[in-house]
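Reading the structure
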Amino acid sequence: MAELNFGGVIETVMTREEFPLEKAREILKNETIAVLGYGVQGPGQACNLRDNGFNVIVGQRQGKTYDKAVADGWVPGHTLFSLEEAAEKGTIVCMLLSDAAQMQLWPTIKPYLTPGKTLYFSHGFAINWSDRTGVVPPKDIDVIMVAPKGSGTSLRTMFLEGRGLNSSYAIYQDASGKALDKVLAFGIGIGSGYLFETTFKREATSDLTGERGSLMGAIQGLLLAQYEVLRENGHTPSEAFNETVEELTQSLMPLFAKNGMDWMYANCSTTAQRGALDWMGPFHDAIKPVVQKLYQSVVTGNEAQISIDSNSKPDYRVKLEAELKALHDSEMWRTAETVRKLRPENN
């Protein structure tokens, strides 16, 4: 493993150069990998593993998602089965169902987790809050996790481009004494760029904080606030959107993703430089208390309980679709639809 120095903090990571694909194949050569769920992470992980030469089957209930699996080349009765059949056949059972579905189907899946099998997750939610989810694995199996730092779509797209999405890994139970080899091999098999160690607790809390914060919740709140202020002061939808979202996503994000925000600060106009340096402090001071409040809500289990309670209500799907429709129909994102059509690559 390689040691990386992050300003005096030493972190150990595993790279593909140090853990080649051939080694991963050798470790998992006798395993049947059963991917349960073909929604968010399932397609990317299952297809990448298959393309990398691993023995993979998919378990999925009938419906549109099942049809998508068929369209992706999974063959009913051969590599595509019901959830129960796949769990029975698999020696590594991958719980890539939604958190809500994992709780709902746990009593169905658990009997197939016989001694010597491996239970795999890509999110620590169900295990970290097992007192709330009821997901308590048998003691005589390995329990491991590889959590890609992005969507299953990104995992698959980057794999096809010859790149890799970074992932964290963790071991919850090592009944076989071989869990570390298994989890690293699995991480390489799904196409991770590099692997860094975590725990189920750290992954679950950082993930919930991130998606509610800078990855989705906070960024939508920030963008909407700036868009609204510009519109309220007479700026047109096009101008407000371009100055708030389009320039950020199309011009600046690719640059600071490649070179860092420090590079962006050093390579913009002196006017932008001065303003950014002056205003980053007030934004930080205003936002940090909100992030601290969010983290406490996550680490105490409050956010997990909110999700569990919401997902268990019979009208959850109807209310969710109404909320998503309101977001979709908002002026900012309808403006986005029009602006995207005007991009040169779309004409």
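Now for a description of the structure that goes with this document.

Here is what the cut-offs are and how they apply
- Residues numbered from 1 in each chain as written.
- Predicted model: local features only at pLDDT ≥ 70, side-chain atom pairs only at ≥ 80, totals over all residues.
- Heavy atoms only, no water.
- Axes fitted to C-alpha atoms, helices over the stretch in contact; angles between N-to-C directions.
- Helix = DSSP H or I, 4+ residues; strand = E, 2+ residues; numbered from the N terminus.
- Parallel < 35°, antiparallel > 145°, perpendicular 65-115°, else oblique.
- Contact = heavy atoms within 4.5 Å.
- Nonpolar A, V, L, I, M, F, W, Y, C, P; charged D, E, K, R; others polar.
- Salt bridge = Lys/Arg side-chain N within 4 Å of Asp/Glu carboxyl O.
- Buried < 20%, exposed > 50% of the residue type's maximum accessible area, 1.4 Å probe, protein only.
- Pairing = 2+ DSSP bridges.
- Disulfide = S-S within 2.5 Å.

**Description of the packing of helix 16 (residues 316-329) against helix 17 (residues 331-341)**
Running from N to C, helix 16 and helix 17 point in directions that differ by 60 degrees, and their axes come no closer than 5 Å. Regarding the angle of helix 16 to helix 17, the classification is oblique. Contact with helix 16, carried on its side by Leu 327, His 328 and Asp 329, involves Glu 331, Trp 333 and Arg 334 of helix 17 and no other residues of that element. Tallied by class, residues from the contact of helix 16 with helix 17 come to two nonpolar, one polar and three charged.

**So, the side chain of Ser 168**
Relative to the elements of secondary structure, Ser 168 occurs in strand 9 (residues 165-173). Ser 168 has contacts with Met 145, Val 146, Ala 147, Lys 149, Phe 196, Thr 198 and Glu 203, leaving out every residue within four places of it along the chain.

**What to know about the pattern of salt bridges**
All told, the structure shown has 14 salt bridges when counted by the stated rule. As a salt-bridge pair, Arg 334 and Glu 337 come within 3.3 Å of each other at their nearest N and O atoms. Taken together, the residues Arg 334 and Glu 337, both in helix 17 and three residues apart, mark about one turn of the helix. With a relative accessible area of 34%, Glu 337 lands in the partly exposed category.

**As for the pairing of strand 2 (residues 9-15)**
With five bridges connecting them, strand 1 (residues 2-6) and strand 2 associate as antiparallel partners. In the strand pairing of strand 2, Phe 6 is matched with Val 9. The turn joining strand 1 and strand 2, which pair antiparallel and follow one another in sequence, is formed by two residues; a positive phi near 60 degrees is taken by Gly 7. Here strand 2 runs beside strand 10 (residues 192-197); their pairing, made up of three bridges, is antiparallel. Within the sheet, the bridge partner assigned to Val 13 lies in strand 10 and is Phe 196.

**Description of the sheet that holds strand 3 (residues 33-36)**
Sheets are built from strands that pair by backbone hydrogen bonding, the pairs being arranged parallel or antiparallel. Spatially, the 10 strands line up as an open sheet ordered 1-2-10-9-8-7-6-3-4-5, and their pairing is mixed. Each edge of the open sheet is held by one strand with a lone partner, namely strand 1 and strand 5 (80-81). Judged from the four bridges that link them, strand 3 and strand 6 (residues 92-95) form a sheet pairing that is parallel. Each residue of the ladder has a partner; that of Ala 34, found in strand 6, is Val 93. Together, strand 3, strand 6 and strand 7 (118-121) form the strand contacts of helix 5 (residues 99-109), whose direction differs from that of strand 6 by roughly 155 degrees.

**Concerning the environment of Gly 177**
Within the fold, Gly 177 resides in the loop between strand 9 and helix 9 (179-189). Distance from Gly 177 to Thr 338, taken between C-alpha atoms, is 56 Å for residues 161 residues apart in sequence.

**Brief notes about the state of the cysteines**
Disulfides are covalent bonds that connect the sulfur atoms of two cysteines. Considering all chains together, one arrives at zero disulfides under this definition. Residue Cys 47 stays outside any disulfide, its sulfur separated by 13 Å from that of Cys 94, the closest cysteine.

**Some remarks on the packing of helix 11 (residues 217-232) against helix 17**
Packing of helix 11 against helix 17 brings their axes to within 10 Å, and their N-to-C directions diverge by 90 degrees. The angle between the axes of helix 11 and helix 17 places the two elements in the roughly perpendicular class. Between helix 11 and helix 17, the residues in contact are Gln 220, Leu 223, Leu 224, Tyr 227 and Arg 231 and Glu 331, Met 332, Trp 333 and Thr 335, respectively. For the contact of helix 11 with helix 17, the class distribution of residues is five nonpolar, two polar and two charged.

Keep in mind these numbers describe shape, not what the thing actually does.
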